[in-house]
Amino acid sequence: MTPKQIDYLLKNHESRSVKEMAAALGLDRKEVQRELRKLLAGEAGARSEAAAGEAKRGRKGWVHACVVAILVLSVFALYAKSLSYPFLNWDDPNYVTENRLIRSLGPAHLAEMFTKPHFNLYIPLTLVSYAVDYKLSGFDSRSYHLTNVTLHAANTCLAYILVVLVTGDALAAFAVALVFALHPVQIESVAWIAERKNVLSSLFFFLALIAYLVQAARPDPARRTIRLVLAFSLAFFLAALLSKPNVVVLPLLLFAYHVCHGGVRKKEWLGLAVFLAAALAFAMITVEISRDVGKLKYYGGSFVATARVMTVVMTKYFELLFWPARQSLLYSFPVYPSVAEAPVAFSLLGLFGAAAGLVILWFKEKKLFFWGAWYFILLLPVMNIVPFPSLMNDRYLYLPLVGFFALLFLLLRRYAGPMVLILAVALAVPAWAFLNLKRQEVWANPEALWLETQAKTEEKSHVSFVNLGGHYLDQGEWDKAIAAFEKAISLYQEPLAYGGLGIAYFRKGDYAKAV
């Protein structure tokens, strides 16, 4: 039977009898009946298969919805007590309580936000978010904390969506997102109001990456679709850059994705070039706007000295990710004179081991290599290749954590099985959640924060004493303020400590010492 005859049967079998169709086609009635039975059986099977597929997609949709609900509830349950924390005297005044810019969303204030750096950073969208909080609640710290926690919950869900999109593995994605939600290294980004820039830029980063990967995952997307999705992705990328410039490495991450998932298709080079151009343009704008900020110097006086310290920092990050029991607001490191120093030598061995593991993955499992590349690429901006204000902070792991645990959990699932992965997560997550709750208490008020920092730095950081003294000044506790400032001066001839000491003596009524 010809294709035209089959098409005739399919179109007319409901309105005409077998006898009529046989006469119209000039065929034997029995032949028409046999063919019609085959066609209808095949059509019924296709419908049944389609219905089964639809039902399966429906069940998956419910699973994803339940996972998202669990993740959101976990974030809010864990960080609920942080909503009542007050502002701290560590950057919160600069960004919020003493920042005149956020007190209006008028054209003049917005123009200044978008044309000038704020405390050495170009972060206009972060300032706009503070201005919105101020518009809604003034200086009620609960509103600012709620925004931070909400952004972190959204980022947690986006991390889950991203890992599912890249790997298709919902179990591993849930494990990664749960750790992202609850891990103690995230506290600095969530419970500290001044770190709004980290959670806000991460939100736009995830959206930019997901939008890009949606079109990249299609085997042959239409040109119009590519342009539309890339436009959304680029807009999210620019928003991320305007929130915090550290995400400037996204084009490098996109390139790594393509290399690890079959290579860059001809039509995708243009998209990558657009992202790279946007990153370079933003870098140039940032440099121009921040021209008067001043040039930073390498720690230890040279790139090589800084590199030795950073090898130790990188191994400390691994330690924090596995067992974050020695967290601190401030980390200090000596200047190591050579690679023969034990901390540097052992750190180099560990990094060489990690590099060897990544080389093996490159040749055996490029899709897993991508997650290792994610970790190191997102740490690049804070690795002091170009001098950076700080050597190490918990908040620098906010996004790299996704790549680290995605690689770890996917390896566990593949080579040890899903039950081992479930067991590992069931053991680790409650421990990390407990450490998270304990660590949050440090951020409950300025006194708790600086006393704990003094303990972790063995009272060697003048910064902690200066800020503790400032807190005691605000509370009217003059004697405690004097003791803190004097300790700070004994460690470092800090002008702020001298100024605070004079104010404390003056308010105490000891005018001779105040001078």
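Scroll up to find the structure this text is about.
What you see as residue numbers is a count from 1 along each chain, following the sequence as written. Given that this is a predicted model, residues contribute local features only at a pLDDT of at least 70 and side-chain atom pairs are listed and counted only at 80 or more, while totals for whole chains, interfaces and linings are drawn from all residues. Only heavy atoms go into the side-chain values, all of them from the structure, while hydrogens and water stay out.

Trainee: Any chance you could explain the pattern of salt bridges here in plain terms?
Mentor: Close approach of charged atoms allows side chains with opposite charge to pair. We define a salt bridge as a contact between a side-chain nitrogen of Lys or Arg and a carboxyl oxygen of Asp or Glu at a distance within 4 Å. Applying the stated criterion across every chain, the model contains 15 salt bridges. Of the charged contacts, one joins Arg-414 and Glu-365 as a salt bridge, the two residues approaching to 2.4 Å between their closest N and O atoms. With Arg-414 in helix H17 (residues 400-416) and Glu-365 in the loop between helix H15 (342-364) and helix H16 (366-379), the pair connects residues that are 49 residues apart, well separated along the chain. Residues Arg-439 and Glu-452 are paired through a salt bridge, measuring 2.8 Å at the closest nitrogen-oxygen approach. Remark: Glu-452 occurs in helix H19 (residues 446-456) and Arg-439 occurs in helix H18 (residues 418-440); sequence separation between them is 13 residues. There is no split in this pair, since Arg-439 and Glu-452 are both buried. Taken together, the shared-partner salt bridges connect Glu-188, Glu-195, Lys-197, Lys-244 and Arg-395 into one network. Segments assigned H or I by DSSP are reported as helices when at least four residues long, segments assigned E as strands when at least two residues long, and all are numbered from the N terminus. Note on classification: 1.4 Å probe, protein chains only; a residue is buried when its accessible area is under 20% of the maximum for its type, exposed when over 50%, partly exposed between these limits.

Trainee: Which parts of the structure should I look at to understand the side chain of Glu-195?
Mentor: Mapped onto the secondary structure, Glu-195 falls in the loop between helix H9 (187-191) and helix H10 (196-216). For Glu-195, a relative accessible area of 2% corresponds to the buried category. In this structure the side chain of Glu-195 is engaged in a polar contact, spanning 3.4 Å, whose partner is the side chain of Arg-395. Contacts between residues were defined by any pair of non-hydrogen atoms, one from each residue, lying within 4.5 Å. When neighbours within four sequence positions are excluded, Glu-195 is seen to be in contact with Tyr-130, Glu-188, Ser-189, Lys-244 and Arg-395. By the criterion applied in these results, polar contacts are pairs of N or O atoms within 3.5 Å in which, for protein atoms, one can donate a hydrogen and the other can accept it, and in which residues neighboring in sequence qualify only through two side-chain atoms.

Trainee: Sorry, what's going on with the environment of Phe-174 here?
Mentor: By the secondary structure assignment, Phe-174 is in helix H8 (residues 170-182). Classification of Phe-174 as partly exposed rests on a relative accessible area of 23%. C-alpha of Phe-174 to C-alpha of Ala-159: the two residues are 15 residues apart in sequence and 8.9 Å apart in space.

Trainee: In this structure, what is going on with unusual backbone geometry? I would like to understand it.
Mentor: Only a minority of non-glycine residues have a phi that is not negative, and only a minority of peptide bonds are not trans. If you check the backbone angles, Phe-119 has positive phi at about 50° while not being a glycine. Tracing the chain through its elements places Phe-119 in the loop between helix H5 (107-115) and helix H6 (124-137). The phi dihedral of Asn-384 is positive, around 60°, even though this residue is not glycine.

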